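# Working through the structure, step by step
So you can see what is in the structure, the chains are spelled out below.
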Amino acid sequence: MKSAANSLEHHWMPFSANKHFKSEPRLVTEAKGVYFKNNRGEAVIDGVSGLFCTPCGHGRREIAEAVHRQLLTLDYVPPFQFGHDLSFTLARRVAELMPGDLDYVFFANSGSEAVDSAMKIALQYHRAKGQPQRTRFVSRERAYHGVNFGGLSLAGMVRNRETFGSTLPGVSHIRHTWREETRFVRGEADTGAQLADDLQRHVDLYGADTIAACFVEPIAGSTGVLVPPKGYLERLREICDRHGILLVFDEVICGFGRTGKTFGADAFGVVPDLLTMAKAITNGVVPMGAVGVREPVYRAVVESGPAKGIEFFHGYTYSGHPVACAAGLATLDILRDEKLVEKAAALSSYFLDQVYALRDIPIVTDIRGYGLLAGVDLAQADKPGARGYEILQDLFNGGMLARVTVDTLILAPAFVAEKQHIDEMLDKTRRVLSRHAQRAGLKLAS
Ligand code: PLP
């Protein structure tokens, strides 16, 4: 080993500009409420709830104490063929929150694992129903379903896929829902539901009885917040029902209140067959992912298995980890007791008003938003992503942490944020974006 013990060299950072980061690091040392502290001791407001995962704010004592207690009571138990109370309690609590007969929960440790688990559940469900030939998946352009090979195959974000050669066979992509005429539309666009008919075209092309499931994020988050057009998800549901295809909502970002309702499924009034979640389920403090499963799907798989044998050959060493479950239960208590989903809904219009007010800055080319989630497209500079990356750095240096994908800025405040925090986030954003516009020689419309 060549370098000093405190060097930044040895950690190969995920989805990061490693070389540049290590020459100009952005380090955070503490977090409380809606603020981080950087390594110079300065406050940095959290504009994106960590990575969409801390709706209850940082440093929640109730969660820390639950985790601490759990570590001293039962730190680990193998999840295969053995159990502990907390995973059953958390599954019941999550089932109570999910709409319709989404009554069962399969635990994983991340959104990516939840997605891959959902793909396997779909395959096994059809096998149990006597249709093992249903092995195709349909997802969307610009989708993000995590980075494991299953989710990567579903994904429609080009940079995430292009390096890794052939992904799973039998996955096809329908169009995303962004259209020129929906620029600056707030919430759901009135038009565009017919884009869901792409699914019918794939049914016509491949045969309904070859398709296992259709995966969509209710709001496509990581690609820059694409809100579904009115009636779009209903139409997908109808087509899936007509052809026996499972509809899967990937709610890793939308789940647990981001839309102002508990799930995107509630916000848009459509119940999927499987619902993947992660992130906010533990307020981001312990890794956890999960798949919500409709009762008939669970029954079909479990009842087709042997009387005393394993029905589903899938699971993780840390599925339903006691410490993650303790964090999850404490998080659900906070969301319920502090009525945080209602609070998110109440704060949404103030937040969106301020985000949409950025429209007058000439480098802003589109804004989309729903609930406490917004995407702001920035005019590309010389190379895709160059402006976005500079803005990420300038925001951080100016005291705000935000998310940027390519040239889209994404904001997602914690549900405990107050109006003054939204003001601070948007003031900082406006200042940085205006400076970039000036530098590019563009003036604010007066
Ligand atoms: N699915 C969606 C919709 C996501 O937004 C993400 C992450 O942002 C994932 C899956 C992957 O989650 P993880 O990073 O926990 O694997």
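See the structure shown above.
Residues numbered from 1 in each chain as written. Predicted model: local features only at pLDDT ≥ 70, side-chain atom pairs only at ≥ 80, totals over all residues.

## With respect to the overall build of the chain
Within the chain one finds 15 helices and 15 strands. Relative to its length of 446 residues, the chain is compact, with a C-alpha radius of gyration of 22 Å against a globular reference of 22 Å. In terms of its C-alpha atoms, the chain occupies a principal-axis envelope of roughly 70 × 55 × 50 Å. Buried positions account for 49% of the 446 residues belonging to the chain. Of the contacts made within the chain by residues no fewer than 6 positions apart, 72% connect residues no fewer than 24 positions apart. (Helix = DSSP H or I, 4+ residues; strand = E, 2+ residues; numbered from the N terminus. Rg over C-alpha atoms; globule rule 2.2 N^0.38 Å. Buried ≥ 20, exposed ≤ 12 C-beta atoms within 10 Å, placed from the backbone. Contact = placed C-beta atoms within 7 Å.)

## Section: unusual backbone geometry
With a phi close to 55°, N283 is a non-glycine residue in the positive phi region. Examined against the element boundaries, N283 turns out to sit in the loop between β9 (274-277) and β10 (289-294). By C-beta crowding, N283 is classed as buried, having 27 other C-beta atoms within 10 Å. Not every positive phi belongs to a glycine, and V406 is a case in point at roughly 50°. Within the secondary structure, V406 is located in the loop between β14 (403-405) and β15 (408-411).

## Structural notes on the pairing of strand β2 (residues 35-38)
In terms of strand pairing, strand β1 (residues 28-32) meets β2 through four bridges, oriented antiparallel. In the strand pairing of β2, E30 is matched with K37. Taken together, β1 and the strand that follows it, β2, pair antiparallel across an intervening segment of two residues, in which G33 is found at a positive phi of about 60°. Pairing between β2 and strand β3 (residues 43-46): three bridges, direction antiparallel. Among the inter-strand pairings, F36 is bridged to a residue of β3, identified as V44. Linking two consecutive strands that pair antiparallel, namely β2 and β3, is a turn of four residues; a positive phi of about 85° is found at G41 within it. (Pairing = 2+ DSSP bridges.)

## Observations regarding the sheet that holds β14
If you walk across this open sheet you meet the four strands as β11-β12-β15-β14, and the pairing is antiparallel. Every interior strand has two partners, whereas the edge strands, β11 (364-370) and β14, have only one. If you compare each strand with its neighbour and ignore which way they point, the axes differ by 20° on average. As judged from the four bridges shared by strand β12 (residues 373-378) and β15, these two strands associate in the antiparallel manner. Residue pairing in the sheet places A374 in a bridge with L411 of β15. Running at roughly 175° to β11, helix α13 (residues 340-356) makes contact with β11, β12 and β15 of the sheet. (Axes fitted to C-alpha atoms, helices over the stretch in contact; angles between N-to-C directions.)

## Some details on the site of the ligand
The environment of the ligand is formed by 14 residues, the closest being S110, G111, S112, G146 and V252. Ranked by residue count, the leading element in the shell around the ligand is helix α5 (residues 111-128), at three residues. When its residues are assigned to classes, the shell around the ligand shows five nonpolar, seven polar and two charged. (Near = placed C-beta within 6 Å. Nonpolar A, V, L, I, M, F, W, Y, C, P; charged D, E, K, R; others polar.)

## Thoughts on the pairing of β12
The buried count for β12 comes to six of six residues, which makes it a mostly enclosed element. Where burial is concerned, the two faces of β12 agree: the one with L373, G375 and D377 and the one with A374, V376 and L378 are both buried. In the sheet, β11 pairs with β12 via six bridges, with the strands oriented antiparallel. Bridging from a neighbouring strand, Y370 pairs with L373 of β12.

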